[in-house]
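# Breakdown of the fold
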Amino acid sequence: MDILDFKIADGRRVMELQDDRSTGGIPMLKFPLLEMAGIAEHGFTTREGGVSQGIYSSLNFSYTRGDEKAAVDENFHRAAVSFHAGISDFVLTDQTHTANVRTVTRADCGKGITRNRDYSDTDGLVTNEPGIVLAAFFADCVPLFFADPVQRAVGVSHSGWRGTAAHMGRQTVRAMEQAYGSRPEDIICAIGPSICQECYEVSKDVAERFMEEFPHAGPQLCYPSAPGKFQLNLWKANELVLLEAGILARHLAVTNICTCCNPGLLFSHRATNGKRGNLGAFIKLKNLEG
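One structure accompanies this document, and this report is about it. (Residues numbered from 1 in each chain as written. Predicted model: local features only at pLDDT ≥ 70, side-chain atom pairs only at ≥ 80, totals over all residues. Heavy atoms only, no water.)

Take Thr96: it is sitting in the loop between β6 (90-92) and β7 (101-103). What makes Thr96 partly exposed here is its relative accessible area of 36%. In contact with Thr96, other than residues within four places in its own chain, are Asp121, Thr122 and Asp123. (Helix = DSSP H or I, 4+ residues; strand = E, 2+ residues; numbered from the N terminus. Buried < 20%, exposed > 50% of the residue type's maximum accessible area, 1.4 Å probe, protein only. Contact = heavy atoms within 4.5 Å.)

If you want it as structure tokens, here you go:
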């Protein structure tokens, strides 16, 4: 489905595009539901607004795919402007398709961007300290955003098919429960732009894994498309994970923006056969005064 085909819920768009380029920032897709929580700044980037060239054009956030470091640094500087932060305020995941979540403090600031990470195999980050920009990266996998306005905590997670099958959303909710006393019914969540079911063909073994994990979901989750091939709905799977974790349906926003359908505006691994950069999903807890 096209990026202009925003889903409407209760009279408002599920996602909206905000462009901060006039003030030195970047364009970002945002969820009004998360904005209304009032405690966090967040956004999901597009390919626009950066300085990278070629297959990374132009707003690439990956240091490991062959792009020039100076270009990626500048892209992070522009993202920092949009978040009223410095690049030393960012903390980056170390994504290896796990369901591991790290509790982040001010001592972690800069890790993965201005300092070496002292952690690995980390696909989710949570914090209750204002001013820290949590960052995860995508090019078809599913970004998950979390904001608890009661205990004032936020999180972001990377959930590919392996992470989704391992219930990454539930693991992130549990991390917030354990670290901050969050209650699932208080947490506001969003499932961000990623590959849609029509574009995501998987093998029989992957389909069977999901049918075992979600036995009552039916064809809305997974249906056969060719001999030994199935179409998998990662949006629906992550929605089921979050609802089963105790997130209320009214506190959950689900995108309908597909990265693979929109490779000119969003990086997609499948659409480009891996010749691409990374999009960023960012969230920062605001100070009490806003």
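With that settled, consider the packing of aromatic side chains. Tallied over the entire structure, the rule returns eleven aromatic pairs. With 5.6 Å between their ring centres and 85° between their planes, Phe90 and Phe282 make a pair best called edge-to-face. Of this pair, Phe90 sits in strand β6 while Phe282 is found in strand β17 (residues 279-285), placing the two residues 192 residues apart along the sequence. Pairing Phe210 with Phe214 gives two aromatic rings, centres 6.1 Å apart and planes at 25°, and the pair type is stacked. Note on Phe210: relative accessible area 0%, which makes it buried. Overall, the relative accessible area of 4% leaves Phe214 in the buried class. Grouping aromatic residues by their ring pairs yields a cluster made of Phe61, Tyr63, Phe76, Phe83, Phe90, Phe137 and Phe282. (Phe/Tyr/Trp six-rings, centres within 6.5 Å; stacked < 30°, edge-to-face > 60°.)

Let us now look at the sheet that holds strand β14 (residues 222-226). Within a beta sheet, neighbouring strands are joined by backbone hydrogen bonds and run either parallel or antiparallel to one another. Taken in spatial order, the three strands line up as β13-β15-β14 in an open sheet, and their pairing is antiparallel. Of all strands in the sheet, those with a lone pairing partner are β13 (201-203) and β14, marking the two edges. If you compare each strand with its neighbour and ignore which way they point, the axes differ by 45° on average. By the bridge criterion, four bridges tie β14 to strand β15 (residues 229-232) in an arrangement that is antiparallel. (Pairing = 2+ DSSP bridges. Axes fitted to C-alpha atoms, helices over the stretch in contact; angles between N-to-C directions.)

With that settled, the discussion passes to helix α5 (residues 204-213). An α-helix turns once per 3.6 residues; consequently, residues spaced three or four apart project the same way. Of all the residues in α5, the buried ones are Val206, Ala207 and Phe210. Along the axis of α5, the buried positions cluster into a sector of 100°, meaning they face one direction only. Turned more than 90 degrees off the buried face of α5, the exposed positions are Asp205 and Glu212. In the core, the buried residues of α5 are packed alongside α3 (161-165), β13, β14, β15 and α6 (234-244). (Arc of directions from axis to C-beta.)

Looking now at the nonpolar core. Note on soluble globular proteins: their nonpolar side chains tend to be buried together. In this structure, Phe146, Ile191, Phe210, Leu232 and Leu242 are the most contacted members of the largest nonpolar core, which totals 36 residues. Those elements giving two or more residues to this core turn out to be β10 (142-148), α4 (168-180), β12 (188-191), α5, β15, α6 and β16 (252-254). A per-element tally of this core places α6 first, with five residues. Among the nonpolar cores identified, the runner-up in size contains 34 residues, and Leu34, Leu125, Phe267 and Leu279 belong to it. (Core = buried A, V, L, I, M, F, W, Y, C linked by side-chain atoms within 4.5 Å.)

With that out of the way, let us pick up the pairing of strand β5 (residues 40-45). Burial analysis of β5 places six of its six residues in the buried class, which makes it a mostly covered element. Of the two faces of β5, the one carrying Ala40, His42 and Phe44 and the one carrying Glu41, Gly43 and Thr45 are both buried. Sheet topology note: the β5/β17 ladder contains five bridges and is antiparallel. Of the residues in β17, the one forming a bridge with Glu41 is Lys284.

Further remarks concern the pairing of strand β8 (residues 124-127). Successive side chains on a regular strand alternate, one facing one side of the sheet and the next facing the other. Along β8, one buried face is formed by Gly124 and Val126 and the opposite face, lined by Leu125 and Thr127, is buried too. For β7 and β8, the ladder comprises three bridges, and the chain directions are parallel. Bridged to Arg102 within β8 is Leu125. Two elements, β8 and strand β11 (residues 153-159), share four bridges in a ladder whose sense is antiparallel. Across the sheet, Thr127 pairs through a bridge with Val154, a residue of β11.

Attention now goes to the side chain of His158. Position of His158 relative to the elements: it lies in strand β11. Taking the relative accessible area as the measure of exposure, His158 reaches 3% and is therefore buried. Side-chain polar atoms of His158 contact the side chain of Asp123, separated by 2.7 Å. Ignoring anything within four residues of it in the chain, the contact list for His158 reads Gln95, His97, Asp123, Phe137, Phe138, Cys141, Val142 and Met168. (Polar contact = N/O pair within 3.5 Å; in protein donor to acceptor, adjacent residues only side chain to side chain.)

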